[in-house]
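Residue-level structural notes
These are the residues of each chain, in order.
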Amino acid sequence: MIPSRFVPAFSPSTIQQFDAVAKRLAIRSPLFFRSAYTAYVVENERRTFAPIVVVDPAKITRWWCSCNEQLRFGDLCRHLAAVLATSSNADGQLTNERYEASFWRSVGFESFTEGRQVAEPPHDKREDLLRKYVMTDQELELLRRGAGSTRTKWESSAWYRWSKEQFIRFGDGEGAMLSIRDGGAQLALGDSELVIPKSAVEYVISAGDGAIARTSGFALAPESLTPSLRLELTPAFALKLVPVVIDSIGTIHERASLARFGRWLLLDETFATLRDVPLLFGDSGARGQAALFEVRPTTGLPFDRETLIPESEVFAFVSKHRHALSLMPRELVPQQLRDARFFEEKDEVSYDFAPATSELLDVDVVLHCGGELIPAADIAAARKEKKHVLVRGNVWIDVADAQFAWLDATRFYGAGRMLLTKLEYLRVRSLVRGKAVFRGDEATEAVFRVFDDLHDASAAPTPAALGIDLYGYQQTGYHWLWLLQQNGFGGLLCDDMGLGKTHQAMALIRALCHPERSEGSGREGHATDDSPSLTLGTTPSILIVCPTSVIDHWREKLARYLPDIPFTIHYGAGRGVRRDARLIVTSYGVLRSDLERLRARTFDLLIVDEIQTIKNPDTATHQALRAIDRRIAIGLTGTPVENHERELKTLVDFVVPGYLPATVNDRRLLQRLVRPFVLRRTKAQVLPELPPKIVDKRYCELTPEQRAIYRSVIESRAEPLRAQLRAGAKIPYIHVFAALNYLKQICNHPASLRGPLGADVPSGKWELFTELLDECMTSGLKVVVFSQYLSMLELIEQHLDRNNIGFASIKGATRERGAEVKRFRDDPECRVFTASLRAAGVGIDLTSASVVIHYDRWWNQAREDQATDRVHRLGQNKGVQVIKLITRHTLEEKIDALVESKAALAHDLIQTDDPSLVKQFTPEELDQLLGWDE
C-alpha cells in the first residue's frame, strides 16, 4: 500500500492500475540511501524496471523510471508506486525512517565513532546513483577530498552498510541476546556474536520497549536511582565530593564502581537509570546578587564526576550551602559539615583586659560561637600558615575574612595576649564583627566604653557641587551617549524623572541621522525615498520600546522635535511594519506579541524606555528584548535600583552584555564597574531653579472601631503566620502578602474592603485626608492623589462627586490617558487627579498641580518618587508639597522605615555624575575595555 502522504503524486487511474497488478509485480534487491529508494521491479516476469524515488517527510521531491522519462507529478507510474509500497510498513513509515530509529543504526554509528573494524560488506553500485540524488554537490566534493562531515563519512563507511544490512536482515532484532562480561557487551543473534560499544548498549536496551534486555535475563528499572554526592574533608582540608547513587531501598553505591552503558547503570542483573533531580549546591539566590565568592557553576555540581573544592574555597562553599548540607543523609556528610556553625554578628567577642602597666592595653580577644572559644591568636596563626578556614568542633571561621586582616601585624606574647594602643584597640573593635563583651578592671572599662559612644564617621563619597543651566546637563548627556555609540557600547541614562531623558535620546537619534536628506514630515505613515543614514554613511535602523502609557508621549515628542525624520508607531489593531520604516516605536506588550516580525530585522540602535520594567531577567519581556538583534542598546530610567542591587546588574548586563562578571561581591566594586556605562543626575544638582519640593509625613490614629477590626485581623490572620514562621515552616509568599494588604486597607478605610465588615466604620486616615483636601480646595490648589488600591480610589472619587469637585483619573483600565491628563491641565474646574501608582507612575506630565498626596505607602520609595516626579519635574513653576499619610502604631510605620532603607540602597549604589563635566573614556580605559586578557 502506498503511504497516504504520497498518494497525491499518482493519478487515480495509476493507483487503480497498481492495485490490479500489484500481485504480479516482483520487487527484488530493494535499496535505500537517506530518503532515496530504488529496487528492481519485474513485471509479468519479463520486463525489469529500476525506478528511483526521493521523498521528504511530506511528499515526493524527485523521481525517475525507465518506463517513461516524461513522468509528471500527479501521474507517476506504477513502478514508482511499487517501490514506495515495498519501502513502507503498515503504519506508513518508510524504511529509512525506521532504520534511523533502530538500534542497528546506533550500534553501527557508535562502532564507527570508536574506530572499530568490520568486514567490508559488498558494495552495490546503485547506492552511488542514489547518493547523487540526495547529496549536495558540496557534500560530494568534500567527501571526494576526504574532508566530509561526520555524517557523510559515516554514510561512506563499512559500518553504515553493515548496520543497514543487519536492519534489513533482522529488523527489530527479535531473538537477539545481550550479555555483559568483564564490563563489555556482546550481542548474539543466530550463529553470530558481535562485541558492541558500551555506549551503544542503551539503544539495544531501549529497543522494543526493553524486549531484548528482558529476554536476555536483565531487569529494567528506569528512574530508580537517585544521584547524590558524598562529601569528605581531606587531611589538607580540601573538600572532595564523590558521586554516589541511592537505590530504591536506600542503599548507597559508589557511582564509579557501577558499569555504565550510556544512560543505564548496571546493578547486579538490573539496568537502572537516574532520576531527574536538581543538581546539588546550586545558587538558590538571585542571579548576580552580591554574595559570597562563587566557587562553582550556579546551576550546581555535577553528579557524574568527582569535584575537589580547594581549601581556599571550602568556607565559602560550606557557608553558602549550609542549609542544603543539613538536609543531606548523615551517611554522606560528616558532622562538621552537616551541623556547620559560623561566627556571626550576634556572637560574642570577649575583650579580656589585664590591669594596665603602661599606656598600652593588655588584652586577650576571644570569639565565642556555638559553645566554642576561638582565641584571636589561633586565627592569626592560621593566617600566617596561609590557611583559609579554622574549624573547632562544628564552628567554622573564615580566616581569610577582611575583618581579621589586622592580626597580620599584631604581635602576641604569653598565652595569646597582645599589647595595643587605644587607637589600635578601637580599630579592632570596628573591624571585628560580633557583640563586644568587656572583661577587666574599672580602669580599662572606660576605654572599652569609648567605642560605644563613637558615631559612625564613615560616609559614602558625595558628588561634586554642580551649578549648570538646564540645557548644559542635557548636552552633557548627549555627548556621553554619542561617545558610547561611537565605540559600540550601550549604556543606562538614569537621570531623575523629569530631567528630559527622552530629549537626550532624541538628540542621539538626530546625531545618527541626516535630517537635511529627509523631506518627510515625521508624521506616522509618511515615508521618503531618501531615508536617514548613520554618520558613517549607513542608514540607521532604530527601535524604541516603551510602556503603553508613554506611546503618546514619544509620538508627540518625535513629531515636535524631529519633524524631518519619518517614524512608525507600531501599536494597536492592524499594525504593520513598513519595509521603509527606519524608526519604530512600540510597546513592551506588542514586542512580545510581534517578536518574530521584529527580530527578523537588525537595529543600529535600541532604546528601552523605563528599562527598570525588565529588571527581572526571567520574565518573558526581558527574554523578548534580548532576542532583538541590535548594535547597541540604550536604557532610560529614573530608578535603576528599586529593591536589590542585582536589578542594576541585570540592566547593565542587558545594555552591555558580557561586561560584568558573574559575581560581584562588593558594592563599591560594583559601583566602579558600572560607572563608565551609567550616567545619573538629580534635580537638586542640575535644576537649582526648580521650585522646592517639601515632603511632609502626616500621622493619624485608628478610630476605636478601626482598632477593633485591625486587632481581629491580627489575631485571625497574622498571628498564625507568625507562629509558623517561628517554627521554621515555609509559608507561601502570597499568604503573607495577602495579610499585609488586608491590614493596609483597614488603615486606609475599612469600607475599601468592599464588604459588610467595614461598611459604616469611620477611618482616622480618611478624616485626615478630607481635612487636607478641603484646605487645598479652599486655597485654590490642584491636587494629585495616589493610591495602590482601586477600591480606595473609588471611595475618593465618590466623595469628590458628592462635593461637586471636578476630577480626572488614570487607572490600569483607562484608555484615553492623554485626554485625562489634558483635562486636568487645561480645565480650571478639574481640581483633583486620582491615579493608581502603577498606572500613572511614569510617562505623564501633571505639573499643573502643586500638591501630591500619597494616601498609602508603596513598598519602595523609588516607585513613590517616580509618581511624585509627575508633578515635580521640568516645566513646574510652583513649589510642590508632597504629603504621605501614615497611621501610627500599625504596620504603616514599619513600611515607612522599610521604604526609607530602600531609598538609601538606591542612593548608595548609583552615584550621581557631575553634569558640568563631559563623561568620557580615557585612552587607557578604552584600551582596557577593548583588550583581551588571556
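Residues numbered from 1 in each chain as written. Predicted model: local features only at pLDDT ≥ 70, side-chain atom pairs only at ≥ 80, totals over all residues. Heavy atoms only, no water.

1. Focus: the sheet that holds strand 37 (residues 880-887)
Taking strand neighbours across the sheet as the criterion, the six strands line up as 32-37-36-33-35-34 in an open arrangement whose pairing is parallel. At either margin of the open sheet sits one strand with a lone partner, and together these are strand 32 (693-700) and strand 34 (806-810). The average angle at which neighbouring strand axes cross in this sheet is 20 degrees, direction not considered. Helix 30 (residues 817-826) contacts strand 33 (783-787), strand 34 and strand 35 (830-836) of the sheet and is inclined by roughly 150 degrees relative to strand 34. (Pairing = 2+ DSSP bridges. Helix = DSSP H or I, 4+ residues; strand = E, 2+ residues; numbered from the N terminus. Axes fitted to C-alpha atoms, helices over the stretch in contact; angles between N-to-C directions. Contact = heavy atoms within 4.5 Å.)

2. So, unusual backbone geometry
With the exception of glycine, most residues fall at negative phi, and the peptide bonds are largely trans. Although it is not a glycine, Asn-804 adopts a positive phi angle of roughly 55 degrees. Look at Asn-804 and you get exposed, because its relative accessible area is 72%. (Buried < 20%, exposed > 50% of the residue type's maximum accessible area, 1.4 Å probe, protein only.)

3. A look at the state of the cysteines
The tally for this structure, following the rule as stated, stands at zero disulfides. Looking at Cys-67, it has no disulfide partner, and the nearest cysteine sulfur is the one in Cys-65, 3.5 Å off. The partly exposed category is assigned to Cys-67, whose relative accessible area is 32%. Between Cys-700, a cysteine without a disulfide, and Cys-747, which holds the nearest cysteine sulfur, the sulfur-to-sulfur distance is 7.9 Å. (Disulfide = S-S within 2.5 Å.)

4. Structural notes on the packing of helix 28 (residues 764-778) against helix 29 (residues 790-802)
The N-to-C vectors of helix 28 and helix 29 enclose an angle of 45 degrees; their axes lie 13 Å apart at closest approach. On the basis of their axis angle, the class for helix 28 and helix 29 is oblique. Handedness of the helix 28/helix 29 crossing: right-handed. Of the residues in helix 29, those touching helix 28 at Trp-766, Phe-769, Thr-770 and Leu-773 are Met-792, Leu-795, Ile-796, His-799 and Leu-800. (Parallel < 35°, antiparallel > 145°, perpendicular 65-115°, else oblique. Left-handed = near helix turned anticlockwise from the far one by under 90°.)

5. Section: the packing of aromatic side chains
Between two aromatic rings, the relevant description is the distance of the centres plus the angle of the planes. Scanning the model with the defined rule gives 23 aromatic pairs in all. Seen from their ring centres, Trp-159 and Trp-162 are 5.1 Å apart, and the 80 degrees between their planes marks the pair as edge-to-face. With Trp-159 and Trp-162 both in helix 8 (residues 158-170) and three residues apart, this pair spans about one turn of that helix. Classification of Trp-162 as buried rests on a relative accessible area of 11%. Relative to Phe-769, the ring of Trp-766 lies with its centre 5.6 Å away and its plane at 40 degrees, an arrangement referred to as tilted. Of the two residues, Trp-766 and Phe-769 are both situated in helix 28; the distance of three residues between them amounts to about one turn of the helix. In this structure Trp-766 comes out as buried when scored by relative accessible area, which is 15%. On the accessibility criterion, Phe-769 (1% relative accessible area) is buried. Pairwise contacts between aromatic rings join Phe-32, Phe-33, Tyr-37, Tyr-99, Phe-109, Phe-112, Trp-154, Tyr-160 and Phe-167 into one cluster. Between the NZ or CZ atom of Lys-782 and the centre of the ring of Phe-824, over which it lies, the distance is 4.9 Å. (Phe/Tyr/Trp six-rings, centres within 6.5 Å; stacked < 30°, edge-to-face > 60°. Lys NZ or Arg CZ within 6 Å of the ring centre and 35° of its normal.)

6. Looking at helix 14 (residues 376-384)
Listed in full, the buried residues belonging to helix 14 are Ala-376, Ala-377, Ile-379, Ala-380, Ala-382 and Arg-383. On its buried face, helix 14 is in contact with strand 18 (361-369), strand 19 (372-375), strand 20 (389-392), strand 21 (395-398), strand 22 (412-413) and strand 23 (417-420). Lys-386 sits one or two residues past helix 14 and shows a positive phi near 65 degrees.

7. Some points on the sheet that holds strand 7 (residues 184-189)
Judged by pairing direction, the sheet is antiparallel, and its three strands sit side by side in the order 6-7-8 without closing on themselves. Among the strands making up the open sheet, the edge pair consists of strand 6 (177-181) and strand 8 (192-196). Direction aside, the axes of adjacent strands within the sheet are offset by 25 degrees on average.

8. Overview of the packing of helix 4 (residues 103-113) against helix 9 (residues 198-206)
Helix 9 packs onto helix 4 with a crossing angle of 180 degrees between their chain directions and a minimal axis gap of 9 Å. In terms of orientation, helix 4 lies roughly antiparallel with respect to helix 9. For the pair helix 4 and helix 9, the contacting residues are Phe-103, Ser-106, Val-107 and Glu-110 in the first and Ser-199, Ala-200, Tyr-203 and Val-204 in the second. Its residues assigned to classes, the contact of helix 4 with helix 9 comprises five nonpolar, two polar and one charged. (Nonpolar A, V, L, I, M, F, W, Y, C, P; charged D, E, K, R; others polar.)

9. Considering the pairing of strand 19
Taken residue by residue, a regular strand's side chains alternate between the two faces of the sheet. Bridge count between strand 18 and strand 19: four bridges; the pairing is antiparallel. Counted as the bridge partner of Leu-367 is Ile-374 from strand 19.

10. Considerations on helix 28
Its 15 residues give helix 28 an end-to-end C-alpha distance of 22 Å, which sits within 8% of 21 Å, the value for a rise of 1.5 Å per residue. Every buried residue belonging to helix 28 is among Gly-764, Lys-765, Trp-766, Leu-768, Phe-769, Thr-770, Leu-772, Leu-773, Cys-776 and Met-777, and all of these are buried. Measuring from the side-chain oxygen of the N-cap residue of helix 28 to the backbone nitrogen of Lys-765 gives 3.3 Å; that N-cap residue is Ser-763. Once helix 28 ends, the next one or two residues include Gly-780, with phi positive near 75 degrees. (Expected span 1.5 Å × (residues − 1). Polar contact = N/O pair within 3.5 Å; in protein donor to acceptor, adjacent residues only side chain to side chain.)

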